[in-house]
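What follows is each chain in one-letter form.
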Amino acid sequence: MDQVRELLPILIPLIILEWTLAIVALVHVIRHPHYRFGNRIMWILIVLFIQIIGPIVYFLFGRGERDDSY
Amino acid sequence: MNQVSALFKKEWIDFFRNYRLLILATVFFILAFSSPLTAKFMPEILGNFLPKDVADSFPTPTAFDSWQQFFKNFSQIGLFVFVLIFGASLSNERQHGTLVIPLTKGLSRTSVILVKSLFSMIMWTVIYVLSVLVVYAYTIYYWPKEDVQHLFLSVFLLWLFGIFVASVLILGNVLFRSFFGTLLFAVGILIVLFIISLFEKLKDLSFIRLISENNLVLHGEYVWSDYTGVLITTTICIIACHLLAIVLFNRKGI
């Protein structure tokens, strides 16, 4: 327990960063129905359960080309 | 001047709205935060898998381990993400034809190249410096008594390598129309650099030294004067990449 407390100042920002990425990606998946491949449920699962890499893959490769509403 | 500031503004909007800033910043900060964390935690994790007497033989983590993790993370994953983000900055626009109208209306091609490359360098610099500050703060916090040597030189070398990668990327963007062409070009350059570093005579001038010797610098084995040759060749290569990119882009069809 002591060790966890010792590491808290570094764990908290790390968790916040990971979840910011996941939630921004999740909102984008839900609001934009077009993807380069795959469907909505697949992307929601990827974004939520593969930490860090999931959202990055979505934004770089999975996001639809035609993105009119920002 | 007007052209340049408009181009910078456009790059920034593109960078922000396509979530590139979000990805680059979060990945770099996650890498930065996890460097001291893995350094601190590694003996514990290994201790769970290995027999007790082996685990006890590991030395206790030090500030050097924290920086070692940082250099390992940033020279591999960090630079890879940087290449992913900026690998298509120009070739993407050429594919979609979004530069055709501004260029025919009199936008100078030289400023397009310079602004794009300068923008990627500024982003690399800002986020890299912030990440270094994060690692620095946590290393001081967890290992207050230990002092690493030549920290600035060590951090500077990796930064310079990032600038070199940015200029290779802009040249790759001019040479190839697709993202994968640029990616292969960058990987090819890296392989050539590795081969150069195998030769004994050229070893001192190889850029790979910029990302492979950071830990030795921290231990005080190298000083600024050991790097004069590398710094000069790197600067020449960075300038050469830009000149070549400008000349080629001025001749190319859009």
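The rules behind these values
- The numbering scheme is per chain: residues are counted from 1 as the chain's sequence reads.
- For naming, the first written chain is A and the first written ligand is 1, with later ones following in the order written.
- Whole-chain, interface and lining totals are the exception, using all residues; otherwise, since this is a predicted model, local features are given only for residues with pLDDT of at least 70 and side-chain atom pairs are given and counted only at 80 or more.
- Side-chain metrics in this entry use all non-hydrogen atoms of the structure; hydrogen atoms and water are not considered.
- Secondary structure is summarised from DSSP: a helix means a run of H or I of at least four residues, a strand means a run of E of at least two, and numbering begins at the N terminus for each.
- Values of the radius of gyration come from C-alpha atoms, whereas the globule rule sets the reference at 2.2 Å times the count of residues to the power 0.38.
- The buried label applies to any residue whose accessible area, calculated with a 1.4 Å probe on protein chains only, is under 20% of its type's maximum; exposed applies above 50%, and partly exposed to all values in between.
- To measure how exposed things are, a 1.4 Å probe is used in the Shrake-Rupley method; for residues, cover is taken only from the protein chains shown.
- Under the counting rule used here, the positive set is Lys and Arg, the negative set is Asp and Glu, and His together with the chain ends is not counted.
- Note that the charge is assigned to NZ on lysines, CZ on arginines, CG on aspartates and CD on glutamates.
- We call two residues in contact when some of their heavy atoms are within 4.5 Å.
- The term buried area means the drop in 1.4 Å probe accessible area that two parts suffer when joined, counted for both and summed.
- Salt-bridge detection follows one rule: a side-chain nitrogen of Lys or Arg within 4 Å of a carboxyl oxygen of Asp or Glu.
- Amino acids are sorted into nonpolar (Ala, Val, Leu, Ile, Met, Phe, Trp, Tyr, Cys and Pro), charged (Asp, Glu, Lys and Arg) and polar (every other residue, Gly among them).
- UniProt positions are given in the numbering used here, feature names are shortened, and annotations may be inferred rather than shown by experiment.
- Like charges within 9 Å and nonpolar side chains (Val, Leu, Ile, Met, Phe, Trp, Tyr) within 5 Å are joined into patches, using only residues over 30% in relative accessible area that form no salt bridge.
- Here a polar contact is recorded for every N or O atom pair within 3.5 Å, except that within protein the pair must consist of a potential hydrogen donor and a potential acceptor, and residues adjacent in sequence are included only if both atoms are side-chain atoms.
- We define a nonpolar core as any set of buried Ala, Val, Leu, Ile, Met, Phe, Trp, Tyr and Cys residues linked to one another through side-chain atoms lying within 4.5 Å.

Caption draft 1: Focus on the overall build of chain A. What chain A contains, in helices and strands, is 3 helices and 0 strands. Reading the helices (α) and strands (β) of chain A from amino to carboxyl end gives α-α-α. A compact globule built from 70 residues would reach a C-alpha radius of gyration of about 11 Å, whereas chain A, at 15 Å, exceeds it by more than 25%. Counting only C-alpha atoms and orienting by the principal axes, one finds that chain A spans roughly 50 × 20 × 15 Å. The buried share of chain A, taken over its 70 residues, is 36%. Accessible area for chain A stands at about 4,400 Å²; split by element, carbon and sulfur atoms hold 69% of it. Seen as two clouds, the 6 positive and the 6 negative side-chain charges of chain A have centres 11 Å apart.

Caption draft 2: Region of interest: the interface of chain B and chain A. In this complex, chain B contributes 22 residues to the contact, which on the side of chain A involves 21 residues. A combined buried area of about 2,200 Å² lies between chain B and chain A, and 78% of that area is made up of carbon and sulfur atoms. Of all residues in chain B, Tyr-19, Ile-30 and Leu-37 of chain B give up the largest surface area on contact with chain A, accounting jointly for 26% of the area buried on that side. Joining chain B to chain A, the criterion identifies 0 salt bridges. Those elements that place two or more of their residues in the side of chain B that touches chain A are α2 (20–49), α4 (63–86) and α7 (109–142) of chain B. Residues of the side of chain B that touches chain A, tallied by class, amount to 15 nonpolar, 4 polar and 3 charged.

Caption draft 3: Expanded view of unusual backbone geometry. Residues and elements named next belong to chain B. Even without glycine at this site, Tyr-19 takes up a positive phi of about 65°. Among the residues examined, Tyr-19 registers a relative accessible area of 19% and is labelled buried. Positive phi is not limited to glycine here, since His-150 has a value of about 50°. Looking at the element boundaries, His-150 is found in the loop between α7 and α8 (151–175). By relative accessible area, which is 32% here, His-150 ends up partly exposed.

Caption draft 4: Up close: the environment of Phe-59 of chain A. Examined against the element boundaries, Phe-59 of chain A turns out to sit in helix α3 (residues 53–62). Phe-59 of chain A sits in the buried class, given a relative accessible area of 3%. In this structure, the C-alpha to C-alpha distance between Phe-59 of chain A and Arg-36 of chain A, residues 23 residues apart in sequence, is 11 Å. Once residues within four sequence positions are removed from consideration, Phe-59 of chain A is found in contact with Val-24, Ala-25 and His-28 of chain A together with Tyr-19, Leu-22 and Ile-23 of chain B.

Caption draft 5: A look at the UniProt feature "transmembrane region" (unreviewed entry) in chain A. Residue and element names in this part refer to chain A. Listed under "transmembrane region" (unreviewed entry) in the UniProt record, and renumbered for this structure, are residues 7–29 and 41–61. Strand forms 0% of residues 7–29 and helix 100%; the C-alpha atoms that close the span are 33 Å apart. Across residues 41–61, the secondary structure splits into 86% helix and 0% strand, with the terminal C-alpha atoms separated by 16 Å.

Caption draft 6: Structural context of a nonpolar patch on the surface. A surface patch of nonpolar side chains, about 670 Å² in accessible area, is lined by Val-187, Ile-191, Val-192, Ile-195, Ile-196, Phe-199, Leu-202 and Leu-205 of chain B. Mapped onto the secondary structure, Leu-205 of chain B falls in the loop between α9 (179–198) and α10 (208–212).

Caption draft 7: The side chain of His-242 of chain B, seen in detail. Residue and element names in this part refer to chain B. Positionally, His-242 belongs in helix α12 (residues 228–251). Overall, the relative accessible area of 11% leaves His-242 in the buried class. A polar atom in the side chain of His-242 sits 2.8 Å from the backbone oxygen of Ile-238. Setting aside chain neighbours within four positions, we find His-242 in contact with Leu-114, Ser-117, Met-121, Ser-167 and Ile-170.

Caption draft 8: Inspection of the nonpolar core at higher detail. Residues and elements named next belong to chain B. Formed by 98 residues in total, the largest nonpolar core has its most connected members in Leu-24, Trp-67, Phe-86 and Phe-161. Here this core gets 16 residues from one element, more than from any other, and that element is α8. In this structure Leu-24 touches Phe-15, Val-81, Phe-82, Ile-85, Phe-86, Met-123 and Ile-127, once residues within four positions along its chain are discounted.

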